[in-house]
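Overview (structure and organization)
Each chain is listed here by its residues.
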Amino acid sequence: MTDRRPATIKDVAASAGVGIATVSRVFSGTGSVSAATRDRVLAAARALDYRPSALGRGLKLRRSGGIGLIVPDVTDPFCAALVAGVLDCARTFGEHVIADAADGDPAREAEIVERLAGQRVDGIIAMPAGDEADWRGAARVCSSVVFAGRVLPGLPDVPSVLADDAGGVRAVTEYLAGLGHRRIAFLGAVPGGPPRVRERAFRATLAQLGVPVEEDLVVAARPARDAAYAAAAGLLQRRADVTAVLAADHLLGEAAVLVARELDLRVPADVSIAMVDDVAWAELCDPPLTAVARPGHDIGYRACELALREPARRGRGGPVLLPTELVVRGSCGPPRAQRRRTRAHPAD
């Protein structure tokens, strides 16, 4: 039995009913190709099991090809979903991905950026934590840089895909206030860290609802388990009058649940707990945890699409905002005083 010869670009062009130059533009990401034509070419390539020559394309374009991907932590559930989205999109385009984790360290991130730029990748997708100057240099070398899940305020021209964190925090804060909570604590990020969109949304929502913000109830923590635990423990031990806690991410939410359990606080009878990031364990808690779900996979997919587009089609109209969803579960209820009033004056 004779092995079938590998499909060529001419075979793909003939199958899709287009010219060889069109197929080349689809796989190089350069030039203008309609979405319908691109889909037809990719379908033909899949049917023929066509593999474009990365070496030949790299020599022609003086690039190694592929997409560089930088996240803080590949084991983090949101980062893992984002990575999966990038990989799914890259696979559709026939691209490969070089992924690395910066561990939230700006110096390590700068090293990764320099290495990827030196390899002449076609683009870099990142959840940035480092210096804006490093990213300006990367943007000059790479054909595209796209931020995903996080931005640097000093680089508004870099395309980005973000979750609507402000909308998600607004929804959960309004939900807690609607239950009757007025002493709502916020566990958030440290000053000087990534943009504090969630804290600003929390403060703005309470102000719109006429609920005063108590500065003593806004607590910052570094993005590490020990720091999150210390922040939650200090808050709940210092302020026994807190009726609800909103954690800005799943590490802080985990810490709030652990501290409440150690202090024998019943959830939600003594304190309601909600958090941003609907991770797998949130539904396994007792009671299951109310959370804001962020579309990590979709953010990664859309960011990869942007990175692979030709520059003229990326646009500069601000970040692409993807909606979040408030997932209401059993960890939130009316505050203690309201529960007592409800029992004392049952409805007719």
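Scroll up a little and you will see the structure.
Summarised in this report is the structure supplied together with it. The numbering scheme is per chain: residues are counted from 1 as the chain's sequence reads. Where totals are concerned, whole chains, interfaces and linings use all residues; where local detail is concerned, this predicted model gives features only for residues with pLDDT of at least 70, and gives and counts side-chain atom pairs only at 80 or more. Side-chain descriptors were evaluated using all non-hydrogen atoms of the structure, hydrogens and water having been removed beforehand.

**Describing the nonpolar core**
- Side-chain atoms within 4.5 Å are what join buried Ala, Val, Leu, Ile, Met, Phe, Trp, Tyr and Cys residues into a set we call a nonpolar core. Under the scheme applied here, a residue whose accessible area is under 20% of the maximum for its type counts as buried, over 50% as exposed, and between as partly exposed, the area being computed with a 1.4 Å probe on protein chains only. The biggest cluster of nonpolar side chains holds 45 residues, and the ones touching the most others in it are Leu 187, Phe 202, Leu 235, Val 245, Leu 246, Leu 252 and Met 275.
- Note on contacts: a residue pair is in contact if any heavy atoms of the two residues lie within 4.5 Å. Once you skip the residues sitting within four places of it in the chain, Phe 202 turns out to touch Val 169, Thr 173, Ile 184, Ala 185, Phe 186, Val 218 and Leu 246.
- In this structure, Ile 67, Leu 82, Ala 90 and Phe 93 belong to the second largest nonpolar core, which totals 24 residues.

**Focus: the pattern of salt bridges**
- Within this document, salt bridges are pairs made up of a side-chain nitrogen of Lys or Arg and a carboxyl oxygen of Asp or Glu, the two lying within 4 Å of each other. Overall, the coordinates contain 19 salt bridges when judged by the stated rule.
- In this structure, Arg 225 and Glu 254 form a salt bridge, with 2.9 Å as the shortest nitrogen-oxygen distance. Here Glu 254 lies in helix H11 (residues 250-262) and Arg 225 lies in helix H10 (residues 225-238), a separation of 29 residues in the sequence.
- The network of salt bridges with common partners includes Arg 183, Glu 214, Asp 216, Arg 238, Arg 239 and Asp 241. Helix numbering and strand numbering both begin at the N terminus, where a helix is a DSSP run of H or I of at least 4 residues and a strand a DSSP run of E of at least 2.

**A look at the environment of Met 127**
- Among the structural elements, Met 127 can be located in the loop between strand E3 (123-126) and helix H7 (132-141).
- As for Met 127 and Gly 104, which are separated by 23 residues in sequence, their C-alpha atoms are 9.3 Å apart.
- Excluding its chain neighbours within four sequence positions, the residues that come into contact with Met 127 are Ile 70, Pro 72, Phe 78, Cys 79, Leu 82, Glu 109, Ala 148 and Arg 150.

**Re helix H3 (residues 35-48)**
- By definition here, a helix of n residues has an expected span of 1.5 Å times n minus one. Between the first and last C-alpha of H3 there are 20 Å, a value that for 14 residues agrees with the 20 Å anticipated at 1.5 Å per step.
- Those residues of H3 that fall on the buried side of the exposure criterion are Thr 37, Val 41, Leu 42, Ala 44 and Ala 45. For H3, the buried positions fall inside an angular range of 160° around the axis, keeping them on one side. Of the exposed residues in H3, the ones pointing more than 90 degrees away from its buried face are Ala 36, Arg 46 and Ala 47.
- The positive-phi residue at the C-terminal boundary of H3 is Asp 49, with phi of around 55°. The arc refers to the directions leading from the helix axis to the C-beta atoms.

**Looking at the sheet that holds E3**
- In this analysis, strands are considered paired if DSSP registers two or more bridges between them. On the basis of which strands lie adjacent, the open sheet formed by 6 strands has the order E2-E1-E3-E4-E5-E11 and parallel pairing. If you trace the sheet from one side to the other, it starts and ends with strand E2 (97-101) and strand E11 (320-322), each paired once. Going from strand to strand, the sheet's axes swing by 15° on average, the running direction of each strand aside.
- Pairing of strand E5 (residues 160-163) with E11 involves 3 bridges; the strand directions are parallel. Paired with Leu 162 across the strands is Leu 321, a residue of E11. Geometry is summarised by axes, namely lines fitted to C-alpha atoms with helices restricted to the contacting stretch, and by angles between N-to-C directions that run from 0 to 180 degrees.

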